[in-house]
Structures are given as structure tokens and as C-alpha cells.
Amino acid sequence: MTGGNAYLSPSGQEIVFVLVGLVVLGGAVLCVTSRQLVHAALWLVVALGGLAVQYLLLTAEFVAWVQVLIYLGSVVVLLLFGLMLTKAPIGPSPDADSRNRPVAFVVALAAAATLVTLVVDAFRTAWIDLDTPHGESGPIGSSLFRVWVLPFEALSVLLLAALIGAIVVSRKRDGES
Amino acid sequence: MHLVYPAVLSALLFCTGLYGVLARRNAILLLMSVELMLAAVSLNLVAFDVWLRDEVHSGQVFTLFLIALAAAEIGIGLAIVLLVYRQRGTSAVDRLTELRERDGEEAADDDRERDGDRERDDAGNGNREENTVT
């Protein structure tokens, strides 16, 4: 991948990536600033769905579909259930943000400036070759069940433990004060 | 594609999540911000895996693990938030100051607030008993 790569002549994939990236960032910013709690959860859907499109652009199609299934399908639904069960107000709630908002803004801005400067400086000459896909289901599955099978099994035990833990924590006990 | 595009997007997404974690008051909004940060890390893992052409797909497999871990985290986190809400009647993280070291003046305020919470708790217990009877 030398020659033909330039900042001033972006490829079609890069243009699409930047446009979808703006959507993702906008969704994320609205998610953390929206005063309406349910709207914040729906903006999270926009951000995570856009991220799935980014995975597709990076030719990681299996991860993209898993992202759509798990994040958009279950995590956001769980969050919405949580909002409903804690009686979240439907209208705008003025106390969604705490008093240390300016400090948080300054910290986030400083972190963003540092990280972006560092990343741009470090990977100025790195190019991703997207012509040959690297992330179809077949190769991912074979490496998952050949090389990573032990962590995979450990993760299934962890999921079981999380399931039991969630049941135990949210169970109604007798004689609870 | 230039590697800088996904790397910068992931850095900005992470910082958005960082802002959310620091600025939000509702525990569930806090969990959403944590999800944003995890998603930013996943994007980084995928981008670097595709860049390095890893033979065993470590980055993408780690992303799959990360998604499963995020699901487990959100399950446990929501269970804890719901338990706290049932017992305290609030899901604002800065109201949970039971373990804080307190000054004299603030202590009086907090005692007053806690009395209010206890009354609400009693009401909640009453409802719960009715439910168990039926």
C-alpha cells in the first residue's frame, strides 16, 4: 500500500468512514448530553449502530453483526428496561447532570486533545489494506474454536456467574429491612 | 484506508464516554457512558487487527469477548441499580453518601434527607408485603 495514498485524495471508503463517524460522534455526544433519559438511550442506538457500519467498512463483518445482535438487540433493551423500572421521567429531567459538568468537560477535552495528537503523530504513515477482507465468519470461527477456545469457555462460565449473580442480587428477600 | 481515521474516531468516542461518566448523575446514564467507552475500545481492537492482518484474529476475537463482557456487566450493573433504587428510592449516584466522612453542618442535612428516604422505604415495604400476600 504505497503510492496513491494521500491525505488530499481520500478513497471512497475513507469518505464514507468519515461521514458515518460524524453520525457516531453526534449520537454519542447527544447520548451523554441529552436531558431526556429515554432519548439518551435511543441516541446510544444511533452511535452503536453507526459503529457496526464502521466494522463493516473495516471488513470485520462477523463482529459487525454480533454488535448489532448483542448491543442493539439486548444491551439497549436492558437499559430501557432499567430506565422504566427506576421510574425515569418521560419529559426532560433537569437533574440528569451533576454539578461537576464543567470539570468533566475540561477533563474530557484535555484527554481528547492528548489522545488525538498522540494517535495522529504515531500512525501518520500506517495504511489499512481493505482489498482482501479480514474478518469473515469462517476464519473468525476457526480461530475462535482452535486458538481461543479456553478463554471462550472461561467466558461462558463468567456469563453463567453473571446470570446467577444478577438473579441473586435482584431477588426479593424475606425479612428485608 | 488511513489508520488514523478509526484511531481518531475511537479516541473521540472514548473521551465522549469519559465526559458522560464524570458528568452524569443517573446511574443508568452512567452505565450508557461506560458502554460508549467499551465500544470505542472495540473499534480500536478491530482497526488494529485488520491493520496487522493477525493470523489468529486476536483483535476481533477480543472484541467478541468484550461484547459478551459488556452484556454481563450491564446485567449485573442494572441489577445493582434496581436494588439500590428499591431500597433508597433514587438512582442518582451522588445521593448515595452513606459511607462518606461528613462535616458537622452537612451531617444535619443528610440526616434530614435520610429520614425522608426512610419514610419512602416504609411505603415501599408496605407495597411489597401486599404483593407477597396476594
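Sequence positions are assigned chain by chain, starting from 1 and proceeding in written order. To read the labels, note that chains go from A and ligands from 1, taken in the order they are written. Given that the model is predicted, a residue must reach a pLDDT of at least 70 before its local features are reported, and side-chain atom pairs must reach 80 or more before they are shown or counted; all residues, however, enter totals for whole chains, interfaces and linings. Water and hydrogen atoms play no part in the side-chain values, which are based on all heavy atoms of the structure.

Labelled according to an unreviewed UniProt entry, chain A appears under the name NADH-quinone oxidoreductase subunit J, originating from Streptomyces johnsoniae. Entered under Function (unreviewed entry) in the UniProt record, the comment concerning chain A runs "NDH-1 shuttles electrons from NADH, via FMN and iron-sulfur (Fe-S) centers, to quinones in the respiratory chain. Couples the redox reaction to proton translocation (for every two electrons transferred, four hydrogen ions are translocated across the cytoplasmic membrane), and thus conserves the redox energy in a proton gradient." UniProt positions are given in the numbering used here, feature names are shortened, and annotations may be inferred rather than shown by experiment.

**A word on the packing of aromatic side chains**
Note on ring pairs: Phe, Tyr and Trp rings are taken, using the six-membered ring of Trp, and paired if centres are within 6.5 Å. Classes follow the plane angle, with under 30 degrees stacked, over 60 edge-to-face and the rest tilted. Under the criterion given, the structure shown has six aromatic pairs over all chains. Summarising the aromatic geometry, the rings of Phe123 of chain A and Phe48 of chain B are spaced 5.1 Å apart at their centres and angled 70° between planes, so their arrangement reads as edge-to-face. Within this pair, whereas Phe123 of chain A is found in the loop between α4 (101–122) and α5 (137–146), its partner Phe48 of chain B is found in helix α2 (residues 27–52), the two belonging to separate chains. With 5.9 Å between their ring centres and 80° between their planes, Phe123 of chain A and Trp51 of chain B make a pair best called edge-to-face. You can see Phe123 of chain A sitting in the loop between α4 and α5 and its partner Trp51 of chain B sitting in helix α2, one on each of two chains. Classification of residues uses two cut-offs on accessible area relative to the type maximum, computed with a 1.4 Å probe and protein chains only: under 20% is buried, over 50% is exposed, and between them is partly exposed. According to the relative accessible area criterion, Trp51 of chain B is partly exposed, its value standing at 29%. Grouping aromatic residues by their ring pairs yields a cluster made of Phe123 of chain A together with Phe48 and Trp51 of chain B. Think of it this way: any DSSP run of H or I at least four residues long counts as a helix, any run of E at least two long counts as a strand, and we number them from the N terminus.

**Section: the packing of helix α1 (residues 12–33) of chain A against α2 of chain B**
For helices, the axis comes from a line fit to the C-alpha atoms of the stretch in contact; other axes are also lines fit to C-alpha atoms, and the angle between any two N-to-C directions lies between 0 and 180 degrees. With their axes 10 Å apart at the nearest point, α1 of chain A and α2 of chain B run at an angle of 155° to one another. Considering their axes alone, α1 of chain A and α2 of chain B lie roughly antiparallel with respect to each other. The handedness of the crossing between α1 of chain A and α2 of chain B comes out as left-handed. Side by side, α1 of chain A and α2 of chain B meet where Ala28, Cys31 and Val32 of chain A of the first sit next to Met32, Ser33 and Leu36 of chain B of the second. Three residue categories are used. Nonpolar comprises Ala, Val, Leu, Ile, Met, Phe, Trp, Tyr, Cys and Pro, charged comprises Asp, Glu, Lys and Arg, and polar comprises the others, including Gly. Across the contact of α1 of chain A with α2 of chain B, the residue classes tally to five nonpolar, one polar and no charged. Under this scheme an angle from 65 to 115 degrees is roughly perpendicular, one under 35 degrees roughly parallel, and one over 145 degrees roughly antiparallel; angles in between are oblique. Should the near helix be turned anticlockwise from the far one by less than a right angle, the crossing is left-handed, and should it be turned clockwise, the crossing is right-handed. The contact definition used throughout considers only heavy atoms, calling two residues in contact when any of these lie within 4.5 Å.

**Remarks on the pattern of salt bridges**
Note that side chains of opposite charge can pair when their charged atoms are close. Salt bridge, as applied in this entry: a Lys or Arg side-chain nitrogen positioned within 4 Å of an Asp or Glu carboxyl oxygen. A full pass over the atoms with the stated rule returns two salt bridges over all chains. With a shortest N-O distance of 2.6 Å, Asp121 of chain A and Arg124 of chain A are connected by a salt bridge. Residue class for Arg124 of chain A comes out partly exposed when judged on its relative accessible area of 44%. Note that Asp94 of chain B is salt-bridged to Arg25 of chain B, the shortest N-O span being 2.8 Å. Of the two residues, Asp94 of chain B sits in the loop between α3 (58–88) and α4 (104–133) while Arg25 of chain B sits in the loop between α1 (4–23) and α2, which places them 69 residues apart along the sequence.

**Focus: the interface of chain A and chain B**
Facing 90 residues of chain A, the contacting portion of chain B comprises 72 residues. A quick way to say it: buried area is the sum, across both parts, of accessible area lost when two parts are put together, with a 1.4 Å probe. Both sides together, the interface formed by chain A and chain B hides about 7,400 Å², and carbon and sulfur atoms give 76% of it. It is Val32, Ile128 and His134 of chain A that lose the most area in chain A upon contact with chain B, and together they represent 10% of the buried surface on that side. Seen at the junction of chain A and chain B, the total is zero salt bridges. N or O atoms within 3.5 Å of each other form a polar contact, as long as, within protein, one can give a hydrogen and the other can take it, and as long as residues adjacent in sequence are counted only when both atoms are side-chain atoms. There are 18 residue pairs in polar contact (both at pLDDT 80 or more) connecting chain A and chain B. At the level of elements, α1, α2 (37–57), α3 (61–85), α4, α5 and α6 (149–170) of chain A are the ones that each hand at least two residues to the side of chain A that touches chain B. For the side of chain A that touches chain B, the class distribution of residues is 61 nonpolar, 18 polar and 11 charged.

**Section: α2 of chain B**
All names here are of chain B. Look at α2: 38 Å from first C-alpha to last across 26 residues, which is about the 38 Å you get at 1.5 Å a residue. The backbone nitrogen of Ile28 lies 2.9 Å from a side-chain oxygen of the residue at the head of α2, namely Asn26. One or two residues past the end of α2 sits Arg53, with phi positive at roughly 55°. Take the number of residues in a helix, subtract one, and multiply by 1.5 Å to get its expected span.

**Topic: unusual backbone geometry**
Positive phi, close to 55°, is recorded for Arg53 of chain B, a residue that is not glycine. Residue classification places Arg53 of chain B among the partly exposed positions, given a relative accessible area of 25%.

**Digging into the nonpolar core**
To qualify as a nonpolar core, a set must consist of buried Ala, Val, Leu, Ile, Met, Phe, Trp, Tyr and Cys residues joined through side-chain atoms within 4.5 Å. Ranked by size, the top nonpolar core spans 64 residues in total, and within it Leu44, Leu58 and Leu79 of chain A together with Met32 of chain B carry the most contacts. Elements with a minimum of two residues in this core: α1, α2, α3, α4 and α5 of chain A together with α1, α2 and α3 of chain B. Among the elements that take part in this core, α2 of chain B stands out by supplying 12 residues, more than any other. Here this core spans two domains, and each of domain 1 (9–91) and domain 2 (136–171) of chain A adds at least three residues to it. Domain delimitation follows an automatic or database domain assignment.

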